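# An overview of the molecular structure
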Amino acid sequence: MAFLDNSGDIILDAVLTDHGRKLLAEANGDFVITKFALADDEIDYSLYNKNHPSGSAYYDLEILQSPILEAFTDNAAMLKYNLVTYGNLELLFLPVLRLNETNGDWSRDPITNSFIVCSNEETTDNGPNSTSFTAVGVDETNTDRTGFLFGTNLTSGGRIQIDQGLDTTQLSPNNSIGDLLENNYTIQMDNRLGKLATITGIQQAPDFVDDDNIAYYTVGMRGQFVSRIANINNAVQGQVISGPRGSRVEFKIATTPDVQSSNYLFLQLGGTVSMANREASGTGTSSCYFIDTTVKITGQNTGCSIDVPIRYVRLA
Amino acid sequence: MTTLKNLTEDTTTTRTLLHEAIPITGSIVSGTYNDENIKNYTHGMLQSVYDYPYLSSSANHIFDITTGISTQSPLYSSITTVDAQQAKKKNIYNQMAQLLVGYDVTGSVLQFDEDGNIIAGGYKIDDAIIVPFSRLLAKDEIKKESFSLELGVDSLYAQPLNKRITISDVSASTEYRVNSPVGEYGILYATQSAAGVGPYLNQTSEHTASIGGSTYWYAGLLYYQAGIMVLTASVFGDQLRTAGIGGVDLEYLTGSSTTETISGSITGSTIQNIADGFRHRIYNLQFNNTTELNSTIYFCRANYNEFNYSSNPTYLENSRVRVKNQASDAPVSYITTVGLYNDNNQLLATAKLSEPLKKTPSNEFTLRVRLDY
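Residues numbered from 1 in each chain as written. Chains lettered and ligands numbered in written order. Predicted model: local features only at pLDDT ≥ 70, side-chain atom pairs only at ≥ 80, totals over all residues. Heavy atoms only, no water.

## Let's talk about the overall build of chain B
Within chain B, the secondary structure is distributed over 5 helices and 23 strands. On C-alpha atoms alone, chain B measures out to a radius of gyration of 29 Å, which is more than a quarter above the 21 Å that the 2.2 N^0.38 rule sets for 373 residues. Projected onto its principal axes, the C-alpha coordinates of chain B cover approximately 95 × 45 × 40 Å. For chain B, the residues scored as buried account for 53% of the 373 residues in total. Contacts in chain B between residues far apart in sequence, at least 24 positions, make up 65% of those at least 6 positions apart. Surface accessibility of chain B: about 15400 Å² in total, with carbon and sulfur atoms responsible for 47%. When the 26 basic and 36 acidic side-chain charges of chain B are each reduced to a single mean position, those positions are 10 Å apart. (Helix = DSSP H or I, 4+ residues; strand = E, 2+ residues; numbered from the N terminus. Rg over C-alpha atoms; globule rule 2.2 N^0.38 Å. Buried < 20%, exposed > 50% of the residue type's maximum accessible area, 1.4 Å probe, protein only. Contact = heavy atoms within 4.5 Å. Areas by Shrake-Rupley, 256 points an atom, 1.4 Å probe, with all protein chains shown as cover. Lys, Arg positive; Asp, Glu negative; His and termini not counted. Charge placed at Lys NZ, Arg CZ, Asp CG, Glu CD.)

What follows is the structure, encoded as structure tokens:
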């Protein structure tokens, strides 16, 4: 998309998204616009210069000169960062989402810095009595590798844990987060590759899947995905939020039948990589197909978000 | 706290008619591309005109040309050769007439009426050159009283444009017909253009009307919604009708043989040849089309106390708002994008501002987002 002409009057360039056009074509009553949101995806607030020598009129000079691109039609590519309404206009701190990696069970793979999802049993673990050692989900001592999620064996393997709160040392974690507590989250992931599951292995149905095969899940305090962070004492291990703490999202990823049983998507979207396997020597490797993607978690009320890198792997 | 706001009553619908000018110069349809933009078919029932050599992917189909003859025409029985395509010309006429004029109470196809007054009888258009315009040009309809076709009627084929007549739907914006099965249509009238020395039209013709004190010759019908022009072939000859409108029986096709007058062409030539002759005499063609835009307007109101913070990652530095020095400072955000959602929070439409709008608690905005259908 090109930049919009900003030399004259302010214009508004509006388009239907591809998903909007799909709903319009389906004519099932879902194409009814009832809400709006505002966003500032292009704005880099680090350009806001509160110390500009010419005064406050110049603080945002560079921001206001930001060229704006025409609207994209991909619904997943637009409105990544929404403007937020808070009743309190004197907020100095706002909540963020942080990946909690304080335990090996919910840490990323240290080699790829992503969570690795084993697509099937064969990739996860050949089994303790097997003479084959090609699996990459466990190490030579049959211990689950750090950062590995098991897409078909959801009762074991790692998980993903996201914490919400005010990540600042300027406020004590003993303070209440108050109205800034996030209760509901939207989780977006590629529906061709994975499905959302609780940490006990129960799969969740998506709210909807858009035309680009992105599944949208809503999870909240009432389900098994979101909980209040119980320990507010900073000395307690397992915390990544330095200040007042809010809620925690935990989940696993189940692999789809396509990813479990076929190389097709791996050949289309990914490549091959050599990964350490469970050979007793500790030096054995297996060739694996992989697909790199992300899972996006967004707070529905606060708008704060985080992209978690995911790598799906399958024995080649 | 929220990122979405309900629109409630803040929507309205409007209908707008959008017009485009469509100018087609005669050299485009005959000359510039050595007829590489003209597509003929083995069935020979019509000829298609493109705005560029039609084998190119850049070419757009702009209109077709065909010829129809009524079985009531005095010329009909004179068509005796296979090449003259009597059956095909008759079929074209009947097909167009049943579509554009309809049937009488007995189920018989009505003929094209020169003044649109079918009940009163009067003169019919027996021999017609029919030009259906592509939807790309006509869009939803041709704008009334915008149509103008300038034709060369010099008797010599070699210099056809030295004398010209103009065919237009004079006063059609207030004087059009609605007794067609395909919507509204106007009467096309011919007048003499300024170029050359007349007369170009039959001064003793009975096929005339007085509009605004001036004399006009009935030249055909223009179906606005269907985008089809039905032109009487008699604009090219004075022998075609009883006291026809043409000023002279000109050389319609190449050469000077009498068989190549318009009447000779209808009785002796193919539809393709007649289309070639017609293109050769087009000097200029123009009209305005109409697109009916139905719009929904969403008034997205950001009140003073709304949308003053951002979830943009750069908005915070260690969770602290960058644009504030202290808590009592007014928050600032910048609007670049509007998203429209349904009840399930599915993003249905987006809009981008051409420059960021600064939002603070001391200002309010109403962003008017219009979606056209």
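## Details of the side chain of Arg245 of chain A
Residue and element names in this part refer to chain A. By the secondary structure assignment, Arg245 is in strand S13 (residues 245-255). Here Arg245 sits buried without a salt bridge, and the closest side chain of opposite charge, Asp163, lies 6.8 Å off (N-O distance). In terms of polar contacts, Arg245 uses its side chain to reach the side chain of Gln239, at 3.5 Å. (Salt bridge = Lys/Arg side-chain N within 4 Å of Asp/Glu carboxyl O. Polar contact = N/O pair within 3.5 Å; in protein donor to acceptor, adjacent residues only side chain to side chain.)

## So, the domain arrangement of chain B
Per the domain assignment, the segments making up chain B are domain 1 (3-14 + 293-372) and domain 2 (31-280). The C-alpha-based centres of domain 1 of chain B and domain 2 of chain B are spaced at 57 Å. (Domains from an automatic or database assignment.)

## Quick word on the interface of chain A and chain B
The extent of an interface is frequently quoted as the accessible surface area lost upon association of the parts. Between chain A and chain B, the contact holds 77 residues from the first and 71 residues from the second. Summed over both partners, the interface of chain A with chain B buries about 6900 Å², with 59% contributed by carbon and sulfur atoms. It is Lys35, Phe36 and Tyr45 of chain A in chain A that bury the most area against chain B; as a group they hold 13% of the surface buried on that side. For the interface between chain A and chain B, the tally reads 2 salt bridges. (Buried area = accessible area lost by both parts, 1.4 Å probe.)

## Describing the sheet that holds strand S1 (residues 12-16) of chain A
Within a beta sheet, neighbouring strands are joined by backbone hydrogen bonds and run either parallel or antiparallel to one another. Sheet architecture is open: 5 strands sit in the order S1(A)-S22(B)-S21(B)-S2(A)-S1(B), paired in antiparallel fashion. This sheet does not close on itself; its edge strands, each paired only once, are S1 of chain A together with strand S1 (5-6) of chain B. Sheet topology note: the strand S2 (residues 35-39) of chain A/S1 of chain B ladder contains 2 bridges and is antiparallel. In the strand pairing of S1 of chain B, Phe36 of chain A is matched with Lys5 of chain B. Its contacts with the sheet put helix H1 (residues 18-26) of chain A on S1 of chain A together with strand S22 (347-359) of chain B, and the angle it makes with S22 of chain B is roughly 145 degrees. (Pairing = 2+ DSSP bridges. Axes fitted to C-alpha atoms, helices over the stretch in contact; angles between N-to-C directions.)

## Describing unusual backbone geometry
Residues and elements named next belong to chain B. In this model, Asn34 sits at a positive phi of 50 degrees, which is unusual for a non-glycine residue. Within the secondary structure, Asn34 is located in the loop between helix H1 (26-29) and strand S3 (38-40). The exposure class assigned to Asn34 is exposed, which follows from its relative accessible area of 65%.

## A short note on the nonpolar core
Judged by nonpolar contacts, the single largest core of 51 residues is most densely connected at Phe63 and Phe278 of chain B. The element contributing the most residues to this core is strand S5 (residues 61-69) of chain B, with 4 residues. If we ignore the near neighbours within four places in the chain, the residues touching Phe63 of chain B are Ile24, Val29, Gln47, Ser48, Val49, Val131, Pro132, Phe133, Ser134, Ile282 and Leu285 of chain B. Of all hydrophobic cores here, the second largest spans 46 residues; its members include Tyr45 and Val96 of chain A together with Ile335 and Leu353 of chain B. (Core = buried A, V, L, I, M, F, W, Y, C linked by side-chain atoms within 4.5 Å.)

## Side note on the packing of aromatic side chains
One pass over the structure, following the stated rule, counts 21 aromatic pairs over all chains. Ring plane angle 40 degrees and centroid distance 5.6 Å describe the contact between Phe36 of chain A and Phe307 of chain B, whose orientation is recorded as tilted. Here Phe307 of chain B lies in the loop between strand S17 (282-302) and strand S18 (309-310) and Phe36 of chain A lies in strand S2, a pairing that spans two chains. Take Phe307 of chain B: its relative accessible area is 1%, and that puts it in the buried class. Geometrically, the ring pair formed by Tyr45 of chain A and Tyr334 of chain B is tilted, given 5.9 Å between the ring centres and 45 degrees between the ring planes. Note that Tyr45 of chain A is positioned in the loop between S2 and helix H2 (61-64) and Tyr334 of chain B in strand S21 (residues 333-341), a pairing that runs across two chains. The same class applies to Tyr45 of chain A and to Tyr334 of chain B, which are both buried. Among the aromatic residues, those joined into a cluster by ring pairs are Phe63, Phe133, Phe147 and Phe287 of chain B. A cation sits over an aromatic face here: Arg311 of chain A above Phe290 of chain A, 4.1 Å from the ring centre. When the ring centre of Tyr224 of chain B is taken as reference, the NZ or CZ atom of Lys144 of chain B above it lies at 5.4 Å. (Phe/Tyr/Trp six-rings, centres within 6.5 Å; stacked < 30°, edge-to-face > 60°. Lys NZ or Arg CZ within 6 Å of the ring centre and 35° of its normal.)

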